[in-house]
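# Coordinate analysis (summary)
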Amino acid sequence: MSEFYDIIKRRKMVRQYIKDKPIPQEIVDKLIANAHRAPSAGHTQVQEFIIVQDPLIKEKLSEAALNQEQVYDAPLSIVVCANTSRSVGRYGKRGREFYSIIDGAFASMLILLTAVNEGIGACFVGAFLDDKVSEILELPKYVKPIGIIALGFPAEDPSKFKRIDISKLVHYEKYSNQKQQK
Ligand SMILES: Cc1cc2nc3c(=O)[nH]c(=O)nc-3n(C[C@H](O)[C@H](O)[C@H](O)COP(=O)(O)O)c2cc1C
């Protein structure tokens, strides 16, 4: 199996990390460099990244993320943001409310896959109070937080979630048709 397929297969959210084992800067650089390869609507390049390691900020972020412990426990988090000022002029509401989320999600996925490749555990956290996160990180109004990615060397190997059978999810030509014509 190619390495690429293997990485996709191995990816899963990891929520427990080895304490006192920081992520080396060169790995952080790779995570960001690959996220920076993400596409964006009209090449507006809205994606921005806030790297958080300060325990005080982590504590506040964890609270804003409905007290999810992995956000505090992770030695480092990357908060993926979308700077909508770079898209709103061209795309208006759709840029601000829709493309921004997709752009941030694409960059986040690249971080998650790069983490697998580097032996780092990662958890994408989307359940948080936007206003609180914006306040903690002092985001300008036009910068929207899309996800908090908690990262650290894995201290757990959770079992993989089963997926719904592919045949139930794929439709041919129209939604009502789940069988391919031969
Ligand atoms: C948009 C989105 C939001 C998510 N928010 C959270 C979250 O707040 N906390 C968390 O622990 N996991 C969160 N997850 C991770 C999912 O729970 C996880 O991807 C799903 O259960 C499947 O598990 P797997 O990724 O390990 O295969 C989120 C995932 C997505 C795509």
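Relevant structure appears above.
Read on for an overview of the structure. (Residues numbered from 1 in each chain as written. Predicted model: local features only at pLDDT ≥ 70, side-chain atom pairs only at ≥ 80, totals over all residues. Heavy atoms only, no water.)

Looking only at helices and strands, one finds 6 helices and 4 strands in the protein chain. Along the longest, intermediate and shortest principal axes, the C-alpha atoms of the protein chain span 60 × 45 × 30 Å. For the protein chain, the residues scored as buried account for 38% of the 182 residues in total. Restricting the contact set of the protein chain to residue pairs at least 6 apart, pairs at least 24 apart contribute 78%. Total accessible area on the protein chain stands at roughly 11,600 Å², and carbon and sulfur atoms take up 53% of it. Charge centroids of the protein chain, computed over 26 positive and 22 negative side chains, lie 10 Å from each other. (Helix = DSSP H or I, 4+ residues; strand = E, 2+ residues; numbered from the N terminus. Buried < 20%, exposed > 50% of the residue type's maximum accessible area, 1.4 Å probe, protein only. Contact = heavy atoms within 4.5 Å. Areas by Shrake-Rupley, 256 points an atom, 1.4 Å probe, with all protein chains shown as cover. Lys, Arg positive; Asp, Glu negative; His and termini not counted. Charge placed at Lys NZ, Arg CZ, Asp CG, Glu CD.)

Leu61, Val79, Val133, Leu137 and Ile148 are the most contacted members of the largest nonpolar core, which has 20 residues in total. Listed by contribution, the elements that provide at least two residues to this core are α3 (55-64), β2 (76-83), β3 (121-125), α6 (130-136) and β4 (143-152). Per-element accounting of this core gives the leading share, 3 residues, to β4. In this view, Leu137 contacts Ile50, Val52, Ile57, Leu61 and Val79; residues no more than four positions away in its chain are not counted. (Core = buried A, V, L, I, M, F, W, Y, C linked by side-chain atoms within 4.5 Å.)

A few words on the site of the ligand. The full set close to the ligand counts 13 residues, and Met13, Arg15, Gln68, Gly126 and Arg163 are the nearest of them. Contacts to the ligand include Gln68, whose side-chain N or O atom sits 2.6 Å from a nitrogen atom. Within the complex, 62% of the 620 Å² of free accessible area of the ligand lies under protein. Here the shell around the ligand gets 3 residues from one element, more than from any other, and that element is β3. Considered class by class, the residues forming the shell around the ligand number 6 nonpolar, 3 polar and 4 charged. (Near = heavy atom within 4 Å. Polar contact = N/O pair within 3.5 Å; in protein donor to acceptor, adjacent residues only side chain to side chain. Nonpolar A, V, L, I, M, F, W, Y, C, P; charged D, E, K, R; others polar.)

Turning our eyes to something else, we now look at the pairing of β3. Consecutive side chains of a regular strand alternate in pointing toward one face of the sheet and then the other. Of all the 5 residues making up β3, 4 are buried; the element is thus mostly covered by neighbouring parts of the structure. Taken together, the 5 bridges between β3 and β4 define a ladder with antiparallel strand orientation. When the bridges of β4 are listed, Val125 appears paired with Ile148. (Pairing = 2+ DSSP bridges.)

It is worth spelling out helix α5 (residues 88-117) at this point. The end-to-end C-alpha separation of α5 is 34 Å, well short of the 44 Å expected for 30 residues at 1.5 Å each. Its maximal kink placed at Gly95, α5 deviates by approximately 85°. Within α5, the full set of buried residues consists of Gly95, Ser100, Asp103, Gly104, Ala107, Ser108, Ile111, Leu112, Leu113, Thr114, Ala115 and Val116. Of the surrounding elements, those touching the buried residues of α5 are α1 (3-10), α2 (25-35), β1 (47-52), β2, β3 and β4. (Expected span 1.5 Å × (residues − 1). Bend = angle between axes of the 7 residues up to and from the residue.)

Here we take up the sheet that holds β3. The strand order across the open sheet formed by 4 strands is β1-β2-β4-β3, and the pairing between neighbours is antiparallel. Both outer strands of the open sheet, β1 and β3, are each paired with one neighbouring strand and no more. Within the sheet, the average angular offset between the axes of one strand and its neighbour, ignoring direction, is 25°. Pairing of β2 with β4 involves 8 bridges; the strand directions are antiparallel. By the bridge assignment, Ala82 is partnered in β4 with Lys144. (Axes fitted to C-alpha atoms, helices over the stretch in contact; angles between N-to-C directions.)

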